[in-house]
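Single-letter residue listing:
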Amino acid sequence: MLPEPVLEGAAEDIREVFNSGMSVLEVSHRGPEYEKIHRQARERLLKLMGLSETTHAVFFLGGGASLQFAQVPMNFLSAGQSADFLHTGEWPGRAIEEARFFGTARVAGSSSDTRFDRIPRSIQFDPSARYVHLCTNNTIEGTHWSTLPDTGSVPLVLDASSDFLGRSIDYSRAGLVFAGAQKNLGPAGVTVVVARRDWIEKEARKDVPAILSYRNLIKHDGLYNTPPVFGVAVVARVLEWLEGQGGVAAVQERNRRKAELLYAALEAHPEVFEIPVIQTGDRSWMNVVFRLKDPSREAAFLKGAQAQGMDGLKGHRSVGGLRASIYNAFPEAGCRVLADYLHRFARGV
Ligand SMILES: *Cc1c(COP(=O)(O)O)cnc(C)c1O
């Protein structure tokens, strides 16, 4: 979901942006209108993350979070070098596969033995790893890291696609953070990358095609080629909305309450519902993953939900079951409606 005021603002921008006589869909990415949008998006983003322009670079790129699975190792990993991965689900699994084209992808911790139903507790980091890849929130499996592990002097690379600016995370501990915008931050088609300038300047490879080189992006102040202009304009509006909500700390409180409402409703009926993630501290605040004890009732569950105006409750196609994705813009009232439905479904009324 996107917040209503953001949709209205985006519609206005499509008609005319900054009294320019042009639609945001028409302006040049080198013109003053886009320059302003880009600057606003970048400033708001860093402020909400608690970072600064002097230490961190921001890029708005295409290619999705999936491109970052390849672009990060392409820039920071060579044959004979190794990076550590925390294998907590489908998305980190894909990042591991991509990194293997460039160097060694070592698994420092994994919960694959238990079908990714938890955040691994037993982790062995390699102190000489180039970086540690960690997915802050596992969208498909419904787990999140409640705290980031200590990686010593090895930089963290965070895939924050599904909880970016949805809870307070100490982003200053990361060398690089990336997030596809479409879950928590804006429309599909733009990916946010925030990286420590000194890490890129000191450690990034130079033998990388210009279009994929973080060094080259820094050199061009993030505007090497045409960015996804409209997507960035919507992201800028989402960030403005987020500021108006009181920032990440305020939104986090609401997100925690929203998730707790749903987990409590599910736990109230253990004979009907199952939550695969047992450890409460590992449970995602963004993706509430659950199953019916009797899977043959799933179609009826979904049909009943649809009749109440609730859509998109099917689990990811790779794991099945059910999932409520309750990103930043999803209202608390919506969670109350779903919690109420869960209770009624369980009681058969
Ligand atoms: C959705 C998702 C991705 C993939 O995003 P694309 O933008 O489709 O490439 C990667 N990581 C996480 C954690 C996700 O939730």
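Now for a look at the structure at hand. (Residues numbered from 1 in each chain as written. Predicted model: local features only at pLDDT ≥ 70, side-chain atom pairs only at ≥ 80, totals over all residues. Heavy atoms only, no water.)

### Considering the sheet that holds strand E4 (residues 132–135)
If you trace the 7 strands from one edge of the open sheet to the other, you get E1-E9-E8-E7-E4-E2-E3, paired in mixed fashion. Single-partner strands in this sheet number two, and they are strand E1 (56–61) and strand E3 (104–110). Pairs of neighbouring strands in the sheet enclose a mean axial angle of 20°, with direction left out of account. Both strand E2 (residues 82–87) and E3 contribute to a ladder of 6 bridges, which runs parallel. Looking at the pairing, Asp84 lines up with Arg106 of E3. (Pairing = 2+ DSSP bridges. Helix = DSSP H or I, 4+ residues; strand = E, 2+ residues; numbered from the N terminus. Axes fitted to C-alpha atoms, helices over the stretch in contact; angles between N-to-C directions.)

### Considerations on the nonpolar core
Judged by nonpolar contacts, the single largest core of 53 residues is most densely connected at Leu45, Met49, Leu158, Phe164, Leu165 and Tyr171. Sorting elements by how many residues they give to this core places helix H7 (residues 229–244) first, with 10 residues. Ignoring any residue separated from it by four or fewer positions in sequence, one finds Met49 in contact with Phe164, Leu165, Tyr171, Val177 and Val194. Within the second largest apolar cluster, 28 residues are counted, among which are Ala99, Tyr131, Leu176 and Phe178. (Core = buried A, V, L, I, M, F, W, Y, C linked by side-chain atoms within 4.5 Å. Buried < 20%, exposed > 50% of the residue type's maximum accessible area, 1.4 Å probe, protein only. Contact = heavy atoms within 4.5 Å.)

### Observations concerning the sheet that holds strand E12 (residues 322–325)
Read across the sheet, 3 strands follow the order E10-E11-E12 without closing on themselves; strand pairing throughout is antiparallel. Strands at the two margins of the open sheet, each flanked by one partner only, are strand E10 (273–274) and E12. The pairing of strand E11 (residues 287–292) with E12 spans 4 bridges and is antiparallel. Paired with Asn287 across the two strands is Ser325, which belongs to E12. Each of E10, E11 and E12 is contacted by helix H8 (residues 247–267), which is oriented at about 15° to E11, the strand it contacts most.

### Description of helix H3 (residues 64–76)
Here H3 contains 13 residues, and its C-alpha end-to-end distance of 19 Å stays within 8% of the 18 Å for a straight helix at 1.5 Å per residue. Among the 13 residues in H3, 10 count as buried, and that is most of the element. Ala65, Gln68, Phe69, Ala70, Gln71, Val72, Pro73, Met74, Asn75 and Phe76 are the residues of H3 that are buried. (Expected span 1.5 Å × (residues − 1).)

### As for the packing of helix H1 (residues 4–15) against H7
Running from amino to carboxyl end, H1 crosses H7 at an angle of 140°, the nearest separation of the two axes being 9 Å. Here H7 runs oblique to H1, going by the angle between their axes. Every pair of crossing elements has a handedness; the one defined by H1 and H7 is right-handed. Seen from H1, the contacting residues are Pro5, Val6, Gly9, Ala10, Glu12, Asp13 and Ile14; seen from H7, they are Phe230, Val234, Arg237, Val238 and Trp241. When its residues are assigned to classes, the contact of H1 with H7 shows 8 nonpolar, 1 polar and 3 charged. (Parallel < 35°, antiparallel > 145°, perpendicular 65-115°, else oblique. Left-handed = near helix turned anticlockwise from the far one by under 90°. Nonpolar A, V, L, I, M, F, W, Y, C, P; charged D, E, K, R; others polar.)

### Here's the deal with the site of the ligand
Lining the immediate surroundings of the ligand are 13 residues, of which Ser66, Thr139, Asp159, Gln182 and Lys183 lie closest. A distance of 2.6 Å is found between a nitrogen atom of the ligand and a side-chain nitrogen or oxygen belonging to Asp159. Within the contact set of the ligand, an oxygen atom lies 2.8 Å away from a side-chain nitrogen or oxygen of Gln182. Here the ligand loses 88% of its free accessible area of 390 Å² to cover by the protein chains. Per element, the largest residue contribution to the shell around the ligand is 4 residues, and it comes from H3. Counted by class, the shell around the ligand contains 4 nonpolar, 7 polar and 2 charged residues. (Near = heavy atom within 4 Å. Polar contact = N/O pair within 3.5 Å; in protein donor to acceptor, adjacent residues only side chain to side chain. Areas by Shrake-Rupley, 256 points an atom, 1.4 Å probe, with all protein chains shown as cover.)

### Some details on the packing of aromatic side chains
Any two aromatic rings considered together are summarised by their centre-to-centre distance and by the angle between their planes. With the rule as written, the count across this model stands at 15 aromatic pairs. Both rings, one in Phe59 and one in Tyr214, keep their centres 6.3 Å apart while their planes meet at 5°; by these two values the pair is stacked. Taken together, the residues span a long stretch of sequence, with Phe59 in strand E1 and Tyr214 in helix H6 (residues 214–219) at a distance of 155 residues. The exposure classification of Phe59 matches that of Tyr214, with both residues buried. Both rings, one in Phe301 and one in Tyr341, keep their centres 5.1 Å apart while their planes meet at 50°; by these two values the pair is tilted. On the criterion of sequence distance, the pair formed by Phe301 in helix H9 (residues 298–307) and Tyr341 in helix H10 (residues 332–347) is long-range, its members being 40 residues apart. Here Phe301 and Tyr341 have matching classes, each one buried. Members of the aromatic cluster, connected to one another through ring pairs, are Phe59, Phe76, Phe85, Tyr131, Trp199 and Tyr214. Its end group placed over the ring of Phe18, Lys36 keeps NZ or CZ at 4.2 Å from the ring centre. (Phe/Tyr/Trp six-rings, centres within 6.5 Å; stacked < 30°, edge-to-face > 60°. Lys NZ or Arg CZ within 6 Å of the ring centre and 35° of its normal.)

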